[in-house]
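# Per-entry structural report
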Amino acid sequence: MRARAVRQAEAVYGLSVVAMLATAVIAWPETVASIGVLGTFLANALVVGLTLLFLLLATRRRSRAGLWLLVVLTAIGVAGFLWQVSSGLLSTGAMGVLTTVQTVLAVVAVVLLFRPTSRAWFAHERAPVEDLA
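Fair warning: this is a prediction, and the values are worked out from it, not measured in the lab.

## A look at the overall build of the chain
Summing up its helical and strand segments, the chain has four helices and zero strands in all. Ordered by position from N to C terminus, the α and β elements of the chain give α-α-α-α. Each principal axis of the C-alpha distribution contributes one length, and for the chain these read about 50 × 35 × 20 Å. Considering the chain as a whole, with its 133 residues, one finds that 32% of them fall into the buried category. In the chain, of all internal contacts separated by at least 6 residues, the share reaching a separation of at least 24 is 71%. On the chain, roughly 8300 Å² of surface is accessible, and the fraction owed to carbon and sulfur atoms is 71%. In the chain, which carries 10 positive and 5 negative side-chain charges, the distance between the mean positions of the two groups comes to 11 Å.

Written out as structure tokens, the structure reads:
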């Protein structure tokens, strides 16, 4: 059974993805104006898709590679957020709040994935998948 902190991390990161989707919807017109509809769709699909893939690999498949890829993706997001704050480019209003909430939720989720119970769960060997053929 998955550790409680792993289940919590999955839920918290899921909320982060919801906030990410909300910011994508709000920023859609501006992004379309700069990179077009296809570019906007592909960029958002790539970021959300990779985030969900790494999250599920880490929390469902007990993948250490998925965990570290999720950490890298989160670190890139935090660096981008800090750059926006330091350069004064962080949006005001709902977009700024959602961006902040999304970043904080992602960091909280990653911290949960490194709690002692989570580390023990990742260290435990997975049972082999039975051949269904």
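## Brief notes about the packing of helix α1 (residues 4-60) against helix α4 (residues 116-123)
Put simply, α1 and α4 touch, their axes get as near as 9 Å, and they point 90° apart. By the angle class used here, α1 and α4 are roughly perpendicular. On the side of α1, the interface is formed by Ala5, Val6, Ala58 and Thr59, while α4 contributes Thr117, Ser118, Trp121 and Phe122. Across the contact of α1 with α4, the residue classes tally to five nonpolar, three polar and no charged.

## Observations concerning the pattern of salt bridges
Across all of its chains, the model carries two salt bridges by this definition. A salt bridge links Glu10 to Arg2, with the nearest nitrogen and oxygen atoms 2.8 Å apart. For Glu10, a relative accessible area of 13% corresponds to the buried category. We note a salt bridge from Glu10 to Arg60, for which the minimum N-O separation is 2.8 Å. Each member of the salt-bridge network shares a partner with another, and the members are Arg2, Glu10 and Arg60.

## A look at the nonpolar core
Core analysis: the biggest nonpolar cluster contains 21 residues, and Tyr13, Leu67, Leu70, Leu113 and Phe122 have the highest contact counts within it. Per-element tally for this core: the top contributor is α1, with 10 residues. Non-local contacts of Leu70, meaning those with residues more than four positions away in its chain, are made with Tyr13, Thr51, Phe54, Leu55 and Leu113.

## A short note on the side chain of Thr74
Inspection of the secondary structure assignment puts Thr74 in helix α2 (residues 64-87). When its relative accessible area of 8% is taken as the criterion, Thr74 is described as buried. Here Thr74 is in contact with Tyr13, Ala106, Val107 and Val110, once residues within four sequence places are set aside.

Rules used throughout
- Residues numbered from 1 in each chain as written.
- Predicted model: local features only at pLDDT ≥ 70, side-chain atom pairs only at ≥ 80, totals over all residues.
- Heavy atoms only, no water.
- Helix = DSSP H or I, 4+ residues; strand = E, 2+ residues; numbered from the N terminus.
- Buried < 20%, exposed > 50% of the residue type's maximum accessible area, 1.4 Å probe, protein only.
- Contact = heavy atoms within 4.5 Å.
- Areas by Shrake-Rupley, 256 points an atom, 1.4 Å probe, with all protein chains shown as cover.
- Lys, Arg positive; Asp, Glu negative; His and termini not counted.
- Charge placed at Lys NZ, Arg CZ, Asp CG, Glu CD.
- Axes fitted to C-alpha atoms, helices over the stretch in contact; angles between N-to-C directions.
- Parallel < 35°, antiparallel > 145°, perpendicular 65-115°, else oblique.
- Nonpolar A, V, L, I, M, F, W, Y, C, P; charged D, E, K, R; others polar.
- Salt bridge = Lys/Arg side-chain N within 4 Å of Asp/Glu carboxyl O.
- Core = buried A, V, L, I, M, F, W, Y, C linked by side-chain atoms within 4.5 Å.

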